[in-house]
Amino acid sequence: MLGESGDESGFETADRVVEFAFPRDHGPHPRFRSEWWYLTAVLTAAGGRTFGTQFTLFRQGLAPREPGGEPPSGAAAWRTGQIYMAHFAVSDVATRRHVHAERIARGHPALAGVTARPFAAYLEDWRLESSSHGFLPLRLVAATAEFDVALTLTGTKPIVLQGEHGLSRKGPDNASYYYSIPRIDARGNVRIDGTRHRVVGKAWLDREWSTSVLAVEYAGWDWLALHLDDGRDLMVFRLRRVDGAPDRYGAGSLIGANGDATSLADGDFTLAVIDTWRAWPVRWELTLNGDPAERFLVEAAFEDQVMDTSVRYWEGVVSVRHSDGRPAGSGYLEMTGYEQ
């Protein structure tokens, strides 16, 4: 579900620029094999205590739906050909504690699925859904015996189509359709270690769907989504080749405080590893290669924010500082392919 190859026959591929339409594209795209709804948030409680949370719902098609085909109903609904997997995590920066959980279910209205209107992305009682007739505001509710989150999410910036008008290339022969809602006001509560905390903060929602996967020459990727204190938002990712050679398919976007977005190509930014923990890079220098250049230090809030799930990856809170050490923002870092 996170990059394994499989039978792509019959599925559509992201191979050209298309026109996005909302609310339709908030919903599922069953003619493509893989898809996800990805929410991260950095939250602050009274006294300045910082938490992070991640909620992701992945959809994997076992067989494509025919063009114009409707979801099956009745007993046939159990044969949807769709599998859903959800990841839910909380990071408590003060205690350097990262907790996470995973659920997997077949696509059936009673178990897991996504609807576009009204919007709901859910697996059992873990739900990200609209709380009114429009897409926003959203409500995230997810709980385990050990930790839970309940947030109200109100958008403050428009949708950003990533890449080439939403077509995001991931190598010479692979691409996805990709959009973001980069700055969302978050408010609610987080419970961890038996204590509930009232929190406020900023969230980021990413949406991608595709059929192709990373080619065999790639080991994985590094992805950053950052909220800067000056009101700008920044997303960058790079692909890492197995042979260590430079790759030209990194990309990103810089979104101004007014919501205007500028696409970034690989040469528009530089990511350099400063320090690692075990196999994982946890301190980076990020340079925006403008005139003048801007340099930021991106550092993990604490090292062990590994998602030890069906696929092992690192996903957690980072702080951002200017090159002179002044605070510049915060956000989330995702890394794959460093540990097998």
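Located above this text is the structure these notes cover.
In short, a report on the structure. Computed from a predicted structure; not experimentally measured. (Residues numbered from 1 in each chain as written. Predicted model: local features only at pLDDT ≥ 70, side-chain atom pairs only at ≥ 80, totals over all residues. Heavy atoms only, no water.)

### Thoughts on the pattern of salt bridges
Moving on, step 1. For the coordinates displayed, the defined rule picks out 27 salt bridges.
Moving on, step 2. Residue Asp-185 is joined to Lys-202 by a salt bridge in which the shortest nitrogen-to-oxygen separation is 3.2 Å. You can see Asp-185 sitting in strand S12 (residues 175–192) and its partner Lys-202 sitting in strand S13 (residues 195–210), a full 17 residues away along the chain.
Moving on, step 3. Residue classification places Asp-185 among the partly exposed residues on the basis of a relative accessible area of 31%. (Salt bridge = Lys/Arg side-chain N within 4 Å of Asp/Glu carboxyl O. Helix = DSSP H or I, 4+ residues; strand = E, 2+ residues; numbered from the N terminus. Buried < 20%, exposed > 50% of the residue type's maximum accessible area, 1.4 Å probe, protein only.)

### Section: empty space enclosed by the protein
Moving on, step 1. Evaluation of the coordinates by the stated rule reveals one cavity of 30 Å³ or more.
Moving on, step 2. Around the largest cavity sit Thr-40, Ala-41, Val-42, Lys-202, Trp-204, Ala-225, His-227, Gly-331 and Tyr-332, which together line it.
Moving on, step 3. Within the residue set of the lining of the largest cavity, elements represented by two or more residues are strand S1 (34–45), S13, strand S14 (218–228) and strand S23 (327–335).
Moving on, step 4. Looking at the lining of the largest cavity element by element, the count peaks at three residues for S1.
Moving on, step 5. Taken together, the residues of the lining of the largest cavity sort by class into five nonpolar, three polar and one charged. (1 Å grid on protein atoms, 1.4 Å probe; cavity = no way out; pocket = protein on both sides within 12 Å on 5 of 7 lines; lining within 4 Å. Points joined across faces, edges and corners; volume = space filled by probe spheres on them. Nonpolar A, V, L, I, M, F, W, Y, C, P; charged D, E, K, R; others polar.)

### Side note on a nonpolar patch on the surface
Moving on, step 1. There is a patch of nonpolar side chains on the surface, built from Phe-22, Ile-159 and Leu-161 and spanning about 210 Å² of accessible area.
Moving on, step 2. Here Leu-161 lies in strand S10 (residues 160–161).
Moving on, step 3. By relative accessible area, Leu-161 is classed as partly exposed at 33%. (Patch = residues over 30% accessible without salt bridge, like charges linked within 9 Å, V, L, I, M, F, W, Y side chains within 5 Å. Areas by Shrake-Rupley, 256 points an atom, 1.4 Å probe, with all protein chains shown as cover.)

Honestly, that's just the spatial picture; any functional story needs more than this.
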